[in-house]
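Listed below, chain by chain, are the residues.
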Amino acid sequence: MTGDRRVLPSRRASGAVEDRDVVLIGAGVMSATLGVLLSELEPDWRITAVERLAEAGLESSSAWNNAGTGHAGLCEFNYTPRRPDGSVDASSAVRIGEQFLTSLRFWAHLVEQDLIGPPQAFLRPVPHLGFGRGADGVGYLRARFEALRGHPLFADLEFSDDPAVLASWSPLVFGDRPGSEPVAATRAAQGTDVNFGVLTRQLVSALRARGADVRLGTEVTSLRRRGDQWHVRTLDRATGARRELRTPYLFVGAGGGTLPLLQKARVPEVRRYGVFPISGQFLRTSRPELVGAHRAKAYGHAMPGAPAISVPHLDHRTVDGKQYLLFGPFAAFSPRFLVSGRWSDLLRSVRPANLPVLLASLRDNRSLVGYLVGQVAQTSGARLAALRAFVPGARAEDWELITAGQRVQLLKRTDGRGTMVGFGTEILVSAGGSLAALLGASPGASTAAATMIDVLAASFPDRMAGWAPRLRSIAPPVEGMSEGDLASAVDGARAALGLPPVVRAVDLGEPR
Ligand SMILES: Cc1cc2nc3c(=O)[nH]c(=O)nc-3n(C[C@H](O)[C@H](O)[C@H](O)COP(=O)(O)OP(=O)(O)OC[C@H]3O[C@@H](n4cnc5c(N)ncnc54)[C@H](O)[C@@H]3O)c2cc1C
């Protein structure tokens, strides 16, 4: 909890303080999802969302600032670690698959209620491939396939090391592969490509339709806790007008802007937290002969010592009606916390209380630091070599390097060590549940519905029982469902969203 501070006269908000039941800071996919959930659960609550940019979903949630993968555990190896005995632990893949199904069911509910749509504007079927190379990589992929294949969330997963089958899955990756290196792939035709920017704007429209007040081009400049209320000062970036909102519940979904706001508000839990920004870069092409030869998202193995977010992948994307391939990510350094942030962001976040954590994180994560330094120093030739592991005949002139979003990694002390928090998301709840914030960026937009239900549970524990029946119809819980129910839930959500049905393994025939 923070103490009162005097307001400088020049910074004084004009007009009366405006009372709200909920204030959401930021209009990315997370705030927009939470706002829609709350507007469904409590239609009478006065909700205001405040976004500093002129449009919603332009930062991390923008189509060009993320890879658009509907993460469901179908192809990402970081969710299926190998056990010492060589078998594969599928539990994280099942969890992320369940979280994505929760998102699908939430979006399906909104489409059925005519609150968002059309779903084809933000959701497309794009098969997900897992790509194994070398004897070890192929062995791992086979073990991964065995671990997942019996589960209803992975019911259409296929495995092949047959060059003809692989070439039919992606002519670009497997069609003309020189050399004798063993390769194999898994394929899940149920995979998706999601334009989270469009989705965010659809959610914000739904929020407005429900009577919420969405203030674009308006920056939150400070937060203060007084009694049992939060006072939120805002600045209209076009007119310079300053206003003040007062609310008993605040959600800080400001992406990279979250930690600086919490620091300004002197939220005690973040005193010793630091953050470190990493930007993602991708190679991109729109050449029709390349784009047409890879209608899939293919995920490979991370390099030794590299973090899970660095897993190389070649993605088919559709953005604004045009088709592209994206390959990456490559890490780069920028001290900004938002794509539209300031060069001084990193420096301004350093305080006496968090400096030891920053230094300890550098000391205790040497392999990661080494990886980042190597990435920053990487030449265009090295990037092309990485691409050629996927696209053997890739030519430099067909691909351009683009900078995607900023990931602001959370640094904190765990067990006496400085830790980069697993490149994961941390839900922070403060001041008796009156403030919730999201720190970190992964597993990302795909899990927005499940993550925001967790935020509701952490913020409003006393209301959850009363909300449960309504929540069950908005975003029905998935955990603990029987296999048959899970399969029907997948089918129902996909049908409502206009996605093709899952063709299950039993219909694909054996052997695969
Ligand atoms: C390179 C990369 C690839 C990714 N790939 C994927 C993927 O394939 N699949 C996936 O599911 N996820 C992916 N992610 C993660 C995903 O993009 C994020 O988890 C998600 O978009 C975060 O949404 P958000 O709403 O928290 O943040 P944002 O979308 O960044 O929204 C925060 C909003 O807050 C606003 N804001 C900030 N400060 C203030 C302030 N003071 N006042 C008012 N407004 C403010 C910002 O302008 C912004 O609009 C990827 C991320 C990166 C960086």
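Our subject is the structure that appears above.
On a predicted model such as this, the values are computed, not experimentally measured, just so you know.

Asks: Is there a simple way to explain the pattern of salt bridges in this structure?
Replies: Pairing is possible between side chains that carry opposite charge, provided their charged atoms lie close to one another. Counted under the stated rule, the structure contains 31 salt bridges. Between E40 and R210 there is a salt bridge, with its nearest N and O atoms 2.6 Å apart. Within this pair, whereas E40 is found in helix α1 (residues 29-41), its partner R210 is found in the loop between α6 (196-209) and β9 (213-215), the two being separated by 170 residues in sequence. Residue classification places R210 among the partly exposed residues on the basis of a relative accessible area of 34%. For the salt bridge of K297 with D315, the shortest nitrogen-to-oxygen distance reads 3.0 Å. With K297 in strand β15 (residues 297-299) and D315 in strand β16 (residues 313-319), this residue pair connects regions lying 18 residues apart in the sequence. In this structure, a network of salt bridges that share partners links the residues E18, R20, D213, R215 and R243.

Asks: Just checking my understanding: could you explain helix α12 (residues 380-388) for this structure?
Replies: Count 3.6 residues to each turn of an α-helix, and residues three or four apart come out pointing the same way. The set of residues buried in α12 consists of R383, L384 and L387. Buried residues along α12 cover an arc of 100° about the axis, so they all sit on one side. At its buried positions, α12 is contacted by β14 (274-285), β16, β17 (322-332) and β18 (400-414).

Asks: Help me understand the packing of aromatic side chains in this model?
Replies: Each aromatic ring pair is summarised here by two numbers: the centre-to-centre distance and the angle between the ring planes. Applying the stated criterion to the full structure yields 14 aromatic pairs. Here the aromatic rings of F77 and Y140 are separated by 5.2 Å at their centres, their planes lie at 70°, and the arrangement is edge-to-face. Of this pair, F77 sits in the loop between β3 (47-50) and α2 (91-112) while Y140 is found in helix α3 (residues 134-148), placing the two residues 63 residues apart along the sequence. Judged by relative accessible area, which is 7%, F77 ranks as buried. Under the relative-accessibility criterion, Y140 is labelled buried at 6%. Put simply, the rings of F131, F174, F327, F330 and F390 pair up and form one aromatic cluster. The lysine or arginine in question, R284, covers the ring of W64, its NZ or CZ lying 4.5 Å from the ring centre. Over the face of the ring belonging to F330 we find R383, whose NZ or CZ atom lies 6.0 Å from the ring centre.

Asks: It is not clear to me how the sheet that holds strand β1 (residues 18-19) should be interpreted in this structure. Could you clarify?
Replies: Backbone-to-backbone hydrogen bonds join strands into a sheet, with any given pair of strands oriented parallel or antiparallel. Spatially, β1-β12-β11-β10 is the arrangement adopted by the four strands of the open sheet, whose pairing is mixed. What marks the edges here is a single partner per strand, and that holds for β1 and β10 (218-226). With six bridges joining them, strand β11 (residues 229-236) and strand β12 (residues 242-247) adopt antiparallel strand pairing. Residue pairing for β12: T234 is matched across the bridge by R243.

Asks: Teacher, can you tell me more about the sheet that holds β9 here?
Replies: Here we have six strands laid out as an open sheet, ordered β9-β3-β2-β13-β21-β20, and mixed in their pairing. Looking at strand neighbours, the two that pair on one side only are β9 and β20 (426-430), the edges of this open sheet. On average, each strand axis in the sheet is tilted by 15° relative to the strand beside it, whichever way the strands run. Bridge count for β3 against β9 is three bridges, and the pairing is parallel. Bridged to V50 within β9 is R215.

Cut-off values and rules
Residues numbered from 1 in each chain as written. Predicted model: local features only at pLDDT ≥ 70, side-chain atom pairs only at ≥ 80, totals over all residues. Heavy atoms only, no water. Salt bridge = Lys/Arg side-chain N within 4 Å of Asp/Glu carboxyl O. Helix = DSSP H or I, 4+ residues; strand = E, 2+ residues; numbered from the N terminus. Buried < 20%, exposed > 50% of the residue type's maximum accessible area, 1.4 Å probe, protein only. Arc of directions from axis to C-beta. Contact = heavy atoms within 4.5 Å. Phe/Tyr/Trp six-rings, centres within 6.5 Å; stacked < 30°, edge-to-face > 60°. Lys NZ or Arg CZ within 6 Å of the ring centre and 35° of its normal. Pairing = 2+ DSSP bridges. Axes fitted to C-alpha atoms, helices over the stretch in contact; angles between N-to-C directions.

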